[in-house]
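One letter stands for each residue in the lines below.
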Amino acid sequence: MVGERRPGRWWHRLRLPVGVAAGIATAGVGFAFLALVAAFSLGAVTPAGRRRGAALTRRYATRLVHLERRRLSGLLAAEELPAANDVATRRQLGYLAARLLPGTLGVLAYAVLAIGVVLAGIVLRAAVRGELDLLDALAQIGVGAVLLLLNVQALASIAALDVRLARRLLGPDGRAELTRRVQELTTSRAGVIAAVDAERQRIERDLHDGLQQRLVALGMLLGRARRARDADRTHALIVQAHEDVQRAVQELREVAWRVYPSALDSNDLGEVLAIVARGSEVPVRIRCELPVRPERQIETVLYFVACEALTNAAKHAAANLVTVDIEAQDGWVRMRVHDDGVGGAEPAGRGLSGLARRVAALDGRFQVTSPAGGPTIVQAELPCG
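Residues numbered from 1 in each chain as written. Predicted model: local features only at pLDDT ≥ 70, side-chain atom pairs only at ≥ 80, totals over all residues. Heavy atoms only, no water.

A. Here's a closer look at the overall build of the protein chain. Helix and strand counts for the protein chain stand at 10 helices and 5 strands. For the protein chain, buried positions account for 31% of its 385 residues. For the protein chain, contacts bridging at least 24 residues in sequence account for 73% of all contacts bridging at least 6. Accessible area of the protein chain: about 24,000 Å², with a carbon and sulfur share of 60%. (Helix = DSSP H or I, 4+ residues; strand = E, 2+ residues; numbered from the N terminus. Buried < 20%, exposed > 50% of the residue type's maximum accessible area, 1.4 Å probe, protein only. Contact = heavy atoms within 4.5 Å. Areas by Shrake-Rupley, 256 points an atom, 1.4 Å probe, with all protein chains shown as cover.)

Have a look at this one:
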């Protein structure tokens, strides 16, 4: 087991110097490519030649940028770099030109390291021959160790500069980022409107199919009690009417909570979910660890996510236990609802898709994992800066 782990540790330590060394080679290739592009641009005078030159430049610039991207992600552990095909040719050429700086710095760093190795060999030979006393040898070792640490720090700085250049020059520019943001806002606004309309239809259906029919039945029941001549019969009908009124009030309260959870006015999210859990048909375990109460709109969205997940677990999942975990970490509030049911929840369904739109409207992330056989995991993450 130890022999299997050791190569991984050594490779992890060598990734940075190997990545910088590979960057020196790719910088040389990039320099040769830029020189050829410049020469071809000056020599191509016909429109056909220019078009062919532009196509070739695009093709090979994309390949070189893709190679650099693989080097940065594989050796220097750089993440979230844009794909080469998503970057304009002019920006690719600019990046390849800027890459000459870390490549040159890498050459200087390794040249200094090579000189240091040669000097260390000279000092070691002199020490073996007895030409250096103990004090001089210790001084040389100390100086060499300091220079080695500085060289290692230089390699780390070159790697950081390399990654920073890629993110700055290959990432989306201001206009592209603004366009993307406008598209996201437009999509989320349409999603919110659709979610509101769907919620209105759901409330109307609940009022029509549930509360309205119950009130009609209650009116008929009171009419029967009014016409009854037997006192015991009248009393029984009034008792039944009273029970129906209580159920109607409860249904009305549930419908109102779907529109606006007023309990959040005086209680935090954990306390309100505990109230919901007491009325759930499935046992619910809640863990809410929020050091600071988030904004009201965040609590409201998380409330709806939890309620929808509990409803699905009770009606469709045949679950025996639902676990709700809420925590704050790194500027995000994260909710994870887990049930041990049969799974098979459809994220594109009306309820879950509406929740996804609610979460997206607050720049959050929403994910549903529900394989056949279970379990079902609903996760929502909302920024709470």
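B. The packing of helix H2 (residues 47-75) against helix H5 (residues 134-170), seen in detail. Remark: H2 packs on H5, axes separated minimally by 11 Å, with the N-to-C direction vectors making an angle of 135°. Considered as vectors, H2 and H5 are oriented oblique to each other. Note on packing geometry: the crossing formed by H2 with H5 is left-handed. For the pair H2 and H5, the contacting residues are Val 65, Arg 71 and Leu 72 in the first and Asp 162, Val 163, Ala 166 and Leu 170 in the second. Residue composition of the contact of H2 with H5, grouped by class: 5 nonpolar, no polar and 2 charged. (Axes fitted to C-alpha atoms, helices over the stretch in contact; angles between N-to-C directions. Parallel < 35°, antiparallel > 145°, perpendicular 65-115°, else oblique. Left-handed = near helix turned anticlockwise from the far one by under 90°. Nonpolar A, V, L, I, M, F, W, Y, C, P; charged D, E, K, R; others polar.)

C. Spotlight on the nonpolar core. Among the nonpolar cores identified, the biggest contains 34 residues, and Leu 273, Leu 302, Tyr 303, Val 305, Ile 326 and Met 335 are the most heavily contacted of them. Counting only elements with at least two residues in this core, the list comes to helix H8 (269-278), helix H9 (296-315), strand E2 (322-329), strand E3 (332-339), helix H10 (350-361) and strand E5 (376-383). Examining the composition of this core, we find that 11 residues originate from one element, H9, more than from any other. (Core = buried A, V, L, I, M, F, W, Y, C linked by side-chain atoms within 4.5 Å.)

D. How the structure looks around H5. If you check H5, its first and last C-alpha atoms are 54 Å apart, about what 37 residues at 1.5 Å a residue would give, namely 54 Å. Every buried residue of H5 is listed here: Ala 137, Asn 151, Leu 155, Ile 158, Ala 159, Asp 162, Val 163, Leu 165, Ala 166 and Leu 170. (Expected span 1.5 Å × (residues − 1).)

E. Structural detail: the pattern of salt bridges. Counted according to the given criterion, the structure contains 9 salt bridges. A salt bridge links Asp 162 to Arg 71, with the nearest nitrogen and oxygen atoms 2.7 Å apart. With a gap of 91 residues between them, Asp 162 in helix H5 and Arg 71 in helix H2 connect regions that are remote in the sequence. The exposure classification of Asp 162 matches that of Arg 71, with both residues buried. (Salt bridge = Lys/Arg side-chain N within 4 Å of Asp/Glu carboxyl O.)

F. Spatial organisation of the sheet that holds E3. Spatially, 5 strands are ordered E1-E2-E3-E5-E4 in an open sheet, and the strand pairing comes out mixed. With one partner strand each, in any of the chains shown, strand E1 (284-289) and strand E4 (365-369) form the two edges of the open sheet. With direction set aside, neighbouring strand axes in the sheet form an average angle of 10°. Taken together, the 8 bridges between E3 and E5 define a ladder with antiparallel strand orientation. Looking at E5, one finds that Val 337 is bridged to Val 378. Packing of H8 onto the sheet brings it into contact with E1, E2 and E3, and relative to E1 it is tilted by some 175°. Packing of H9 onto the sheet brings it into contact with E1, E2, E3, E4 and E5, and relative to E5 it is tilted by some 175°. (Pairing = 2+ DSSP bridges.)

G. How the structure looks around the environment of Gly 373. Along the chain, Gly 373 falls in the loop between E4 and E5. For the pair formed by Gly 373 and Gly 344, sequence separation is 29 residues and the distance between their alpha carbons is 7.2 Å. The contact partners of Gly 373, leaving out residues within four places of it in the chain, are Gly 341, Val 342 and Gly 343.

H. Quick peek at the side chain of Asn 151. As for its position among the elements, Asn 151 is in helix H5. Among residues more than four places away in sequence, those in contact with Asn 151 are Ala 109, Val 112 and Leu 113.

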